[in-house]
Amino acid sequence: MNPSEQPALAVTSLQPATTPSRQTSAYGVVDGLAEPEPYLRIEDINKSFGNFVALKNIFLNVYPGEFVCLLGPSGCGKTTLLRIIAGLEEQTSGRVIQGGKNVSNLPPAQRDFGIVFQSYALFPNLTATQNVAYGLQNAKRPRAEIDRRVAELLETVGLTGMGQKYPSQMSGGQQQRVALARALALSPGLLLLDEPLSALDAQVRVKLRTEIASLQKRLGITTVMVTHDQAEALAMADRIVVMDKGYIAQVGAPRAVYQHPRNPFVANFIGVMNFLQGVVVAPDQVRCGNLVLLTPNNQAAVNQPVRIAIRPEDIRVLSVAEAQTHSQNVISAEVQSMEYMGTGYLVTCAPDGNAKDQITIDLSTFESGALGLEPGSTLRLYLPPDQVQVFAAE
Amino acid sequence: MTVTTPKFPTPNPLFPKRQQVVTREDWLMRILLGLGTLWLLVGVVLPLFPMIGRSFFDPNGNWIGLANYVKYLTTPSLVSAFFNSFFIGAMSMMIAVGLAFLYAYALTRTQMPGKLAFRVLGMLPLYIPPLAHAIGLIYLFGNKGLVTTGFLGVFPKWDIGLYGPVGIIIGEVLYCFPQALVIMITALSLTDARLYEAAEVLGSTPLKTFFTVTLPSVKYGLISALFVCFTLAFTDFGVPKVVGGNFNVLATDIYKQVIGQQNFSMGATVSVFLLVPTVIAFVVDRIIQRRQTALVSAKAVPLQPKSHPPLDWLMFGFCALVAGFTIAVLLVIIFASLVKVWPYDLTLGFKNYDFSTVGGGGYRAFWNSIRMSFYTAIVGTVAVFMGAYLVEKGRGMKWLRSANYFLSTLPLALPGLVLGLSYVFFFNNKIWWIPFTKIAIYNPFNGIYGTMAILVLCNVIHFYTVCFLTANTALKQIDPEFEAVSASMRVPFYKTFWRVTVPLSLPAILEIGIYYFVNAMITISAIVFLYPPSLPLAAVAIVNMDDAGDIAAAAAMSTLVVLTSIGVRILYWLFTRGLQQRSQAWLQR
Ligand SMILES: Nc1ncnc2c1ncn2[C@@H]1O[C@H](COP(=O)(O)OP(=O)(O)OP(=O)(O)O)[C@@H](O)[C@H]1O
Ligand SMILES: [Mg+2]
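It should be emphasised that the depicted structure is a prediction, and the values quoted were computed from it without experimental measurement.

S.K.: Explanation requested: the overall build of chain A in the structure shown.
M.R.: Secondary structure assignment for chain A yields 10 helices and 20 strands. On the principal axes, the C-alpha backbone points of chain A span a range of 80 × 45 × 45 Å. Counting the 394 residues in chain A, one finds 53% classified as buried. Considering only contacts in chain A between residues 6 or more positions apart, those separated by 24 or more positions represent 66%. Accessible surface for chain A amounts to roughly 17,000 Å². Of this, 52% is attributable to carbon and sulfur atoms. Taking the average place of the 32 positive charges on the side chains of chain A and the average place of its 35 negative ones, the gap between the two points comes to 9 Å.

Right, here's the structure in full:
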């Protein structure tokens, strides 16, 4: 996944530029500007099921109007965290503060949120209209107001005229929209989405994710969405919360997380990352095999074993002539396999003098044609020093 | 990653600390759940204590310890009944499950012609009281039976020696067969065609496939059917009462002790001998079934049986025999009920349906039974469904919900006679003596003794488990997030229960109602000790008529009961079909 394919997010005053350290310095003042009050504050949430710890020391702030994605592999606790925010699950310790009010001990009915589940959980015996009106009717709103509001909501989600249908008569995407309209009916302050798109097929999914994201911006509703699809998170979110085994691995804007993953887990989970084993030989140099690479981003101490990391799209393939002009950070490698991807090739190659690690690069069809690549060919790869990241070895 | 242990103390499983504020809704749910558990406690567990306690006293109320048991075990005529019951249970179990397995196999795994008709006919005995089976058997194989007299002289005579174990076993097999059939059909239907394809590809012979694929996949169903049939035949009262002759079984012994000799203490002692094996069977079955894991994944491909003419016709012959026999029994009851004087004057008429000259209560008994069955269906369905809802969909209160679930499955282990006798001891007393003390308390439930209410209560409890499990299964299929979504919209649970859960479960709810109605109509064991003289009942009337030698009247009453049960079933079928057509929009595409 190439970050430049993603629409650049306009950073408005509501979504302040974020740094990885944001969640710990949330109350403070950054760059001399007063931060807006977070709408949702999650403070040191822990959750265990029996002896199994599902969530560990979760801190998170969500700002008004922000779209936050909880992203992580299966079983990392995303759903659990979402359900704790909703009050559907009780935290073992910690606090949830929503709209300045401590809601930690309130049951779901006394909190202020709308929710959409992966299964949609539409009432099958009620029509789309009745589903959307369900909460309004209970609130004893006047009939005319309910009708108006339901029509308005169905229009918002693009289902005008479909109100009389039962869920079983609608497609998955349409059911999803009804669920969304129903979640928005009571104008909640917080919208919670648990993998709302994962039951849909790929095309509908991409279409709906754009729609949901723009709807969210239009309504300005603070939203927390759970997903395990990194493309979805990168495309939709203002900020991504990457989770792993019950703790937060990194929080940040999609670009920041992609370009500056804080650890190998995040680097690997979001996008593709090449790793090479090495040892720090100087403050800005790492030796991998018999090659010394310039690594200005290094924080590790000399003699420490490390893993250097670089994205496939950041690696440049040099022609023989170009190779003459670059004296540093050039690896020669032998092509092992080429995977045709439609837009180009994913080329896997083995660097000389380093049998353990493999390097994957992206090449356009044109480039690989120009180089006349085939398995066995030798490549000269340039690893731009600025793009090389260094992580402590595990 | 190292495993971190939580830094907080492990929560107390019995009273977990609730952090969330307990709302009025929570309280409502708690109170309902508490009441639901309380009433099961009163209906199922508490009555057992005075009954078991009574077995340690002599008829005059003096504590005699185990003397009753010693007496029972040292009196050969008494102890033989125990082994007789075991024999009947084991034989009936093996024959009924064997037949049901083959029959279900034919229905689910072959291309035998007439499957739908055979399915309906196979279930037919469900609507016939076991007593009526026995009456039918008398008309076929009794002293003046059709077969015994060689169809009234047309063929050679054939006396099978009905009165005794032979008759009891045939009757019990008729009674158990449909119950086993239901379980076996379910078990054989739940399979994955891909397993069979794999076996075929691997070159397995049909016989080998049967033993390596078919049998293991229905193992749990088979075990369940065995336990169900054993318990039914071991504890049944109706059949041995009518065709048992001098062959004593536990159930008839209890009846003789209580009704014949008014020896309640010995009746209680014999009841314990009836209760213990059924409880053991219940526990063993539970333990075995717990090991069952879902063999069939959601992606299973249903099996399309292939046509195999020799097998299909062999199975057709077998099913025709079995179904033919069950129909023969039913037809002979109806026929006999219409005949003037069996076997001398075979002109037809409704003389036997004029119950005014015989004992038993006549049409009053019949109407009482209908009323009782109707009340049982209403009360039982409401109680079961609400109970199952609170257990399945309740929030928090985990231990109370588990306790309620356990109490809901317990009635399956209680034979009807034991339940009925326990109710006599528990509800009849105006005061309860607390054992080993001189303290007595007033019995608040005494008021319902000898009324319709206790009959309904007893029936509701007697058939509770099957209904509860039906409701539980239906509720499990409803999306668990409905409650969460409703809460997010601040809609209280009872509104969603009424607007969504009940409509979605309507087929199961009606099914439960029918099950209650039919079983209350045909049951005898649980109510035979409980009905007051002012409330004669149809099933009891059949016993009394048979006792008095009015077999033709008994056949007539049996016919009425059977036709009512089948009629209600047909009404239900018509109704649900109409319902399905109306709500087709959301029920099924
Ligand atoms: N009620 C429960 N009892 C015990 N363990 C639970 C319970 N609910 C969740 N867990 C465990 O907690 C962990 C986190 O579960 P959770 O559902 O939050 O994962 P998730 O990140 O949403 O995963 P997925 O992407 O598969 O939905 C899992 O390992 C799960 O097994
Ligand atoms: Mg999840």
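S.K.: Would you mind showing me how to read the interface of chain B and chain A here?
M.R.: The parts lose accessible area when they come together, and the size of an interface is often stated as this lost area. Counting residues at the interface gives 34 residues for chain B, matched by 45 residues for chain A. Counting the surface lost from both chain B and chain A, the interface buries some 3,700 Å², and carbon and sulfur atoms represent 55% of this. Taken together, the links from chain B to chain A amount to 2 salt bridges. The shortest N-O distance in the salt bridge between Arg83(A) and Glu481(B) comes to 3.3 Å. Elements represented by at least two residues in the side of chain B that touches chain A include exactly helix H21 (481-488), helix H22 (493-522) and helix H25 (584-587) of chain B. At 7 residues, H21(B) tops the list of elements feeding residues into the side of chain B that touches chain A. Residues that form the side of chain B that touches chain A fall into these classes: 16 nonpolar, 8 polar and 10 charged.

S.K.: For this particular structure, what's the right way to read the site of ligand 1?
M.R.: All names here are of chain A. The full set of residues close to ligand 1 is Phe-49, Phe-52, Ala-54, Ser-74, Gly-75, Cys-76, Gly-77, Lys-78, Thr-79, Thr-80, Glu-195 and His-228. Interatomic distance of 3.2 Å between a backbone N/O atom of Cys-76 and an oxygen atom of ligand 1. At 3.4 Å, a side-chain N or O of Glu-195 approaches an oxygen atom of ligand 1. Notes on ligand 1: free accessible area 630 Å², of which the protein chains cover 59%.

S.K.: Is there a simple way to explain the UniProt feature "domain: ABC transporter" (unreviewed entry) in chain A in this structure?
M.R.: Under the present numbering, the feature "domain: ABC transporter" (unreviewed entry) in UniProt falls on residues 40-270 of chain A. Along residues 40-270 of chain A one finds 36% helix and 26% strand; the C-alpha atoms at either end are 25 Å apart.

S.K.: I would appreciate a short explanation of the domain arrangement of chain A in the present structure.
M.R.: Residue and element names in this part refer to chain A. When the domains of chain A are assigned, the result is domain 1 (3-264) and domain 2 (274-392). The distance between the C-alpha centroids of domain 1 and domain 2 comes to 39 Å. With 9 residues of domain 1 in contact, the opposing surface of domain 2 contributes 6 residues. Between domain 1 and domain 2 lies a buried interface of about 560 Å² when both sides are counted; carbon and sulfur atoms form 51% of it. On the domain 1 side of the interface with domain 2, the three residues burying the most area are Tyr-258, Pro-261 and Pro-264, jointly 80% of the side's total. For the interface between domain 1 and domain 2, the tally reads 0 salt bridges. Inspection of the region where domain 1 meets domain 2 yields 3 residue pairs in polar contact (both at pLDDT 80 or more). Tallying contributions element by element places helix H7 (residues 254-259) first for the side of domain 1 that touches domain 2, with 3 residues.

S.K.: Looking at this structure, how should I read the UniProt feature "domain: ABC transmembrane type-1" (unreviewed entry) in chain B?
M.R.: Taking the numbering used here, the UniProt-annotated feature "domain: ABC transmembrane type-1" (unreviewed entry) corresponds to residues 82-285 and 366-572 of chain B. Across residues 82-285 of chain B one finds 76% helix and 0% strand; the C-alpha atoms that close the span lie 21 Å apart.

S.K.: I'm lost on the packing of aromatic side chains in this one. Help?
M.R.: A ring pair, where both rings are aromatic, is described by two values, the distance of the centres and the angle of the planes. According to the stated counting rule, one finds 46 aromatic pairs over all chains in the structure shown. Ring geometry for Phe265(A) against Phe269(A): centres 5.7 Å apart, planes inclined by 15°, an arrangement best described as stacked. Linking Phe265(A) with Phe269(A), this pair stays in helix H8 (residues 264-269), spanning 4 residues, or about one helical turn. Here Phe374(B) and Tyr375(B) contribute two aromatic rings whose centre-to-centre distance is 6.3 Å and whose plane-to-plane angle is 55°, an arrangement assigned as tilted. With a relative accessible area of 47%, Phe374(B) lands in the partly exposed category. A residue is classified by how much of its surface remains accessible, and Tyr375(B), at 35% relative accessible area, is partly exposed. Pairwise contacts between aromatic rings join Phe56(B), Phe57(B), Trp63(B), Tyr69(B), Tyr72(B), Phe82(B), Phe83(B), Phe86(B), Phe230(B), Phe234(B) and Phe273(B) into one cluster. The ring of Phe123(A) has Arg182(A) lying over it, and the distance from NZ or CZ to the ring centre is 4.9 Å. Directly above the ring of Phe275(A) sits Arg307(A), whose terminal nitrogen or CZ lies 4.3 Å from the centroid.

S.K.: Explain the state of the cysteines to me, please; I cannot follow it from the model alone.
M.R.: Note on terminology: a disulfide is the covalent bond linking the sulfur atoms of two cysteines. Residues and elements named next belong to chain A. Tallied over the entire structure, the rule returns 0 disulfides over all chains. We note that Cys-288 lacks a disulfide partner, and the nearest cysteine sulfur, in Cys-349, lies 14 Å from it. Exposure remark for Cys-349: the relative accessible area of 0% places this residue in the buried category.

S.K.: Please explain unusual backbone geometry as it appears in this structure.
M.R.: A negative phi angle is the norm for most residues apart from glycine, just as the trans form is the norm for most peptide bonds. Residues and elements named next belong to chain A. Residue Glu-195 is not a glycine yet carries a positive backbone phi of 45°. Among the secondary structure elements, Glu-195 is positioned in the loop between strand E7 (190-194) and helix H5 (202-219). A positive phi angle, close to 50°, is found at Lys-245, a residue other than glycine. Turning to its location among the elements, Lys-245 is positioned in the loop between strand E9 (239-244) and strand E10 (247-252). On the basis of relative accessibility, which here comes to 48%, the residue Lys-245 falls in the partly exposed class.

S.K.: Sorry, what's going on with the sheet that holds strand E16 (residues 330-340) of chain A here?
M.R.: Whenever strands of a sheet pair, they do so through backbone hydrogen bonds, lying parallel or antiparallel. Residues and elements named next belong to chain A. Spatially, 5 strands are ordered E15-E19-E16-E17-E18 in an open sheet, and the strand pairing comes out antiparallel. Only two strands of the sheet have a single neighbouring strand rather than two, namely strand E15 (316-318) and strand E18 (359-364). The sheet shows a mean angle of 50° between the axes of neighbouring strands, taken without regard to direction. The pairing of E16 with strand E17 (residues 344-351) spans 7 bridges and is antiparallel. If you follow Glu-334 over to E17, its bridge partner there is Ala-350.

S.K.: How should the packing of helix H1 (residues 24-45) of chain B against helix H16 (residues 362-393) of chain B be read in this particular structure?
M.R.: If you want to describe how two helices pack, look at the angle between their axes and the distance between the axes. Residues and elements named next belong to chain B. Put simply, H1 and H16 touch, their axes get as near as 10 Å, and they point 125° apart. If you check the angle between H1 and H16, you find them oblique. As H1 packs across H16, the resulting crossing turns out to be left-handed. In contact with Met-29, Leu-32, Leu-33 and Trp-39 of H1, H16 contributes Ala-383, Tyr-389, Leu-390, Val-391 and Lys-393. Class assignment of the residues belonging to the contact of H1 with H16 gives a composition of 8 nonpolar, no polar and 1 charged.

S.K.: What is the right way to look at a nonpolar patch on the surface in this model?
M.R.: All names here are of chain B. On the surface, Trp-27, Ile-31, Leu-35, Leu-38, Leu-41, Leu-46 and Phe-49 cluster together into a nonpolar patch covering about 690 Å² of accessible area. Ranked by the residues each element gives to the nonpolar patch, the list is headed by H1, at 5 residues. If you trace the backbone, Leu-41 turns up in helix H1. Assessed through its relative accessible area of 32%, Leu-41 is described here as partly exposed.

What counts as what
Residues numbered from 1 in each chain as written. Chains lettered and ligands numbered in written order. Predicted model: local features only at pLDDT ≥ 70, side-chain atom pairs only at ≥ 80, totals over all residues. Heavy atoms only, no water. Helix = DSSP H or I, 4+ residues; strand = E, 2+ residues; numbered from the N terminus. Buried < 20%, exposed > 50% of the residue type's maximum accessible area, 1.4 Å probe, protein only. Contact = heavy atoms within 4.5 Å. Areas by Shrake-Rupley, 256 points an atom, 1.4 Å probe, with all protein chains shown as cover. Lys, Arg positive; Asp, Glu negative; His and termini not counted. Charge placed at Lys NZ, Arg CZ, Asp CG, Glu CD. Buried area = accessible area lost by both parts, 1.4 Å probe. Salt bridge = Lys/Arg side-chain N within 4 Å of Asp/Glu carboxyl O. Nonpolar A, V, L, I, M, F, W, Y, C, P; charged D, E, K, R; others polar. Near = heavy atom within 4 Å. Polar contact = N/O pair within 3.5 Å; in protein donor to acceptor, adjacent residues only side chain to side chain. UniProt positions renumbered as here; feature names shortened; annotations may be inferred. Domains from an automatic or database assignment. Phe/Tyr/Trp six-rings, centres within 6.5 Å; stacked < 30°, edge-to-face > 60°. Lys NZ or Arg CZ within 6 Å of the ring centre and 35° of its normal. Disulfide = S-S within 2.5 Å. Pairing = 2+ DSSP bridges. Axes fitted to C-alpha atoms, helices over the stretch in contact; angles between N-to-C directions. Parallel < 35°, antiparallel > 145°, perpendicular 65-115°, else oblique. Left-handed = near helix turned anticlockwise from the far one by under 90°. Patch = residues over 30% accessible without salt bridge, like charges linked within 9 Å, V, L, I, M, F, W, Y side chains within 5 Å.

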